[in-house]
Amino acid sequence: MTESVSVDAKQARKGRAGSSLETSAGKALALLGALGGPRPVMGVSELAKVVSVPKSTAHRLLVVLTKSGYVRRAGDKYALSTRAFELGNQVAVARVDGLRDRAIPVLSELYAQTREAVHLGVPEGSSVLYVEKLFGPDSVRVDTAVGMRRPLYATALGKAILAFSELGPGGGVPARFYRFTAFTIRTPDLLGRVVERVRQDGYATDFEEAFLGVSCIAVPVCDRRTGRPVAALSLATGAGGRAVLRYKSVMLKAAEQLSGHVSTMMVA
């Protein structure tokens, strides 16, 4: 089991919405969170174990969730339904003319120019949430997906956001650093030095810190009205060393372009 699975499993146990397991609603949300984790199809016993509720409770709530359309049967197991997908796409970032809509032309142009995998991520607490990804047959394989999270410290996307956020002393520094690869940042001191360098440079990098064989460069997308990041763009390559830095100029230009669009958006 990888560290990423461990992180997602813990989120599932407490529910993605931070729900309390003391209520039926909280337990139901935790079940949905578990099905949105690294194992998208699970049986009642496995779900009950992941969420830490009795099997009878899990079964009763799954019946309700199935009848309401948020969960579907997959043989003798359960999975999220397309109703969950439909609901998820009503969040502000995914709506028509929202951040994702405005970012897609920018991401498309980035991909057309580089043929590398490109991502859009937004801050979500101490994590970065991937909300769009474009890649092609010649792009490096990156095990990312829309809806996936990673800690801010573990990716170029996250560090680009962290460096320009107004989080205060210790903001974004986790109580525990999970190690995704041998190169992942593991200490607050190192994270502090890296973040300061990102502020000076205007962009962030990650050299195999989240995925082995993958290097990334990322830039913050800031709301010009506040100067604070609402998202970040990243580009991933399989080239070794610091070759990813050759994309610095095109990335900074893309972030500037998208920041202009973001600053005209209505706040939802």
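Rules used in this analysis
- Residues numbered from 1 in each chain as written.
- Predicted model: local features only at pLDDT ≥ 70, side-chain atom pairs only at ≥ 80, totals over all residues.
- Heavy atoms only, no water.
- Helix = DSSP H or I, 4+ residues; strand = E, 2+ residues; numbered from the N terminus.
- Buried < 20%, exposed > 50% of the residue type's maximum accessible area, 1.4 Å probe, protein only.
- Contact = heavy atoms within 4.5 Å.
- Areas by Shrake-Rupley, 256 points an atom, 1.4 Å probe, with all protein chains shown as cover.
- Salt bridge = Lys/Arg side-chain N within 4 Å of Asp/Glu carboxyl O.
- pLDDT = per-residue confidence, 0-100.
- Pairing = 2+ DSSP bridges.
- Axes fitted to C-alpha atoms, helices over the stretch in contact; angles between N-to-C directions.
- Core = buried A, V, L, I, M, F, W, Y, C linked by side-chain atoms within 4.5 Å.
- Expected span 1.5 Å × (residues − 1).

Q: Can you walk me through the overall build of the protein in this structure?
A: The secondary structure content of the protein amounts to nine helices and eight strands. Within the protein, the proportion of its 268 residues that are buried is 48%. Considering only contacts within the protein whose residues lie at least 6 apart along the sequence, 57% involve residues at least 24 apart. For the protein, the computed accessible surface area is about 13400 Å², with 55% contributed by carbon and sulfur atoms.

Q: Please explain the pattern of salt bridges as it appears in this structure.
A: Once their charged atoms are close, side chains differing in charge can pair, the charge on each being opposite to the other. Evaluated as defined, the whole model comprises 10 salt bridges. Between Arg 39 and Glu 46 there is a salt bridge, and its shortest N-O distance comes to 2.8 Å. Measuring nitrogen to oxygen at the nearest pair gives 2.8 Å for the salt bridge that ties Arg 224 to Glu 256. Taken together, the positions of Arg 224 in the loop between strand E7 (215-223) and strand E8 (228-237) and Glu 256 in helix H9 (residues 248-262) put the pair 32 residues apart, joining distant regions of the chain.

Q: How do you make sense of the confidence of the model for the protein when you look at a structure like this?
A: Do not read the predicted coordinates in detail wherever pLDDT is low. Across the protein, pLDDT averages 87, with 88% of residues at or above 70. Every residue in residues 1-19 scores below 50 in pLDDT, and together they form 37 contacts with partners more than four places removed in sequence or on other chains.

Q: Would you mind showing me how to read the side chain of Thr 205 here?
A: Inspection of the secondary structure assignment puts Thr 205 in strand E6 (residues 204-207). Once residues within four sequence positions are removed from consideration, Thr 205 is found in contact with Ala 156, Lys 159, Cys 216, Ile 217 and Leu 245.

Q: What am I meant to see in the sheet that holds strand E4 (residues 127-134) here?
A: Whenever strands of a sheet pair, they do so through backbone hydrogen bonds, lying parallel or antiparallel. One open sheet holds the six strands; their spatial order is E5-E4-E3-E8-E7-E6, and the pairing between them is antiparallel. Here the strands that pair on one side only, and so sit at the sheet edges, are strand E5 (149-151) and E6. With direction set aside, neighbouring strand axes in the sheet form an average angle of 30 degrees. In the sheet, E7 pairs with E8 via nine bridges, with the strands oriented antiparallel. Its bridge partner lying in E8, Pro 220 is registered against Ala 232.

Q: How should the nonpolar core be read in this particular structure?
A: Across soluble globular proteins, nonpolar side chains show a tendency to be buried alongside one another. Core analysis: the biggest nonpolar cluster contains 29 residues, and Val 142, Tyr 153, Leu 157, Leu 191, Phe 211, Val 214 and Ala 236 have the highest contact counts within it. Ranked by residues supplied to this core, first place goes to helix H7 (residues 156-163) with six residues. Setting aside residues no more than four positions away along its own chain, Val 214 makes contact with Val 140, Arg 141, Val 142, Asp 206, Phe 207, Glu 208, Ala 236 and Thr 237. Of all hydrophobic cores here, the second largest spans 26 residues; its members include Val 122, Met 251, Ala 254 and Val 262.

Q: Sorry if this is basic, but what is going on with H9 here?
A: Residues that lie three or four places apart on an α-helix share one face, since the helix turns once every 3.6 residues. Between its first and last C-alpha, H9 extends 21 Å over 15 residues, near the 21 Å set by a 1.5 Å rise per residue. Buried within H9 we find Val 250, Met 251, Ala 254, Ala 255, Leu 258, Ser 259, Gly 260 and Val 262. Structurally, H9 contributes buried residues whose contacts are with helix H6 (99-114), strand E3 (117-124), E7 and E8.

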